[in-house]
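Structure assessment
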Amino acid sequence: MSSASEGRFLSSSVPLLTPPPRCATLLTDDGVPVEAVYEPCTAGVGTPGDAAAEGPAATPAIVVAHGFTGSADRPAVRRAARVFAQRAAVITFSFRGHGRSGGRSTVGDREVLDLAAAVAWARELGHSRVVTVGFSMGGSVVLRHGALYTAESAAGHTAVRVPAREGRMGSEGAHSDAVVSVSAPARWYYRGTAPMRRLHWVVTRPSGRLVGRFGLRTRIATEDWDPVPLSPVAAVPLIAPAPLLLVHGDRDPYFPLDHPRMLAEAAGPGGAELWLERGMGHAENAADDALLARIADWATAAPPA
């Protein structure tokens, strides 16, 4: 699954007793190398009974799925990782076509395999509870991942039918125990805002993909989706019984509030918790430290499925 390439990521201002980050290259089920970084929980480091001393099995892990044009080393992702690490171990990674990962971005389709590799790595490292937190494109990926990779499917039990290409997947240890989706779209091909019209130009036009590669450091696949992957709103009902949190800003310039409300409605009564954040914009860049801390508190306290 992984080959270690230790010590590459930035040092931080945490105490010297904090174990250093651990870097690795993960191989997805379709053979794409994905860069990933593991950071142990910093809660109570150096004190009796601290999280690190108790070992990974006693500590939740949060796997962070960044937005389109992001990467594991972008400042907003590093900031989220620092806040999350105060409550859990953290894995950040770069989706295919982003950062130092291989392949090309499929803008939310095959990225589910990248997330599955990161979740499986968290379990290889000894964490028995793993929560996925995704932003924007990553928010749609964690929803699809939560629907397609379940503890039941890993055990060979399939209770819900999904499209044939995306039948529930059984990769051992690749399922999440809870899902947090921030600033995610509810449906594909949405062009109702100016930022989304610009994004579609970047993704679908040759000149746009050149801008993506050289201006946004994102390598984008040229092929259309075939078939169209399971949409976020169709994925949401399949996530249960895993807990689901939906977070969205009321000033999101990409996706207006009908998107999170549509997702919450699709989850059904009690199927999801919805936080509509006053004054918040879009995704990880707009999530302040206080919101990130609340998300981490929910992720580490949510009851297991």
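Below is a summary of the structure that appears in this document. (Residues numbered from 1 in each chain as written. Predicted model: local features only at pLDDT ≥ 70, side-chain atom pairs only at ≥ 80, totals over all residues. Heavy atoms only, no water.)

Attention now goes to a nonpolar patch on the surface. On the surface, a cluster of nonpolar side chains totalling about 240 Å² of accessible area is made up of W201, V211 and L216. Considering the arrangement of structural elements, one finds V211 in helix α7 (residues 206–214). (Patch = residues over 30% accessible without salt bridge, like charges linked within 9 Å, V, L, I, M, F, W, Y side chains within 5 Å. Areas by Shrake-Rupley, 256 points an atom, 1.4 Å probe, with all protein chains shown as cover. Salt bridge = Lys/Arg side-chain N within 4 Å of Asp/Glu carboxyl O. Helix = DSSP H or I, 4+ residues; strand = E, 2+ residues; numbered from the N terminus.)

Another point: unusual backbone geometry. Following D226, the chain continues into P227 via a peptide bond in cis, with omega recorded as 0°. Tracing the chain through its elements places P227 in the loop between α7 and α8 (232–235). Between A240 and the following residue, P241, the backbone shows a cis peptide bond with an omega angle of 10°. Among the secondary structure elements, P241 is positioned in the loop between α8 and β8 (244–249). Phi is positive for T69, close to 75°, though the residue is something other than glycine. Within the secondary structure, T69 is located in the loop between β4 (61–65) and α2 (75–85).

Looking now at the pattern of salt bridges. Counted according to the given criterion, the structure contains 11 salt bridges. Among the salt bridges present, the one from R294 reaches E277, with a minimum N-O distance of 2.6 Å. Of this pair, R294 sits in helix α11 (residues 289–301) while E277 is found in strand β9 (residues 273–277), placing the two residues 17 residues apart along the sequence. In this structure R294 comes out as partly exposed when scored by relative accessible area, which is 37%. For E277, a relative accessible area of 13% translates into the label buried. (Buried < 20%, exposed > 50% of the residue type's maximum accessible area, 1.4 Å probe, protein only.)

Interpretation note: all reported values are geometric properties and have no functional meaning in isolation.
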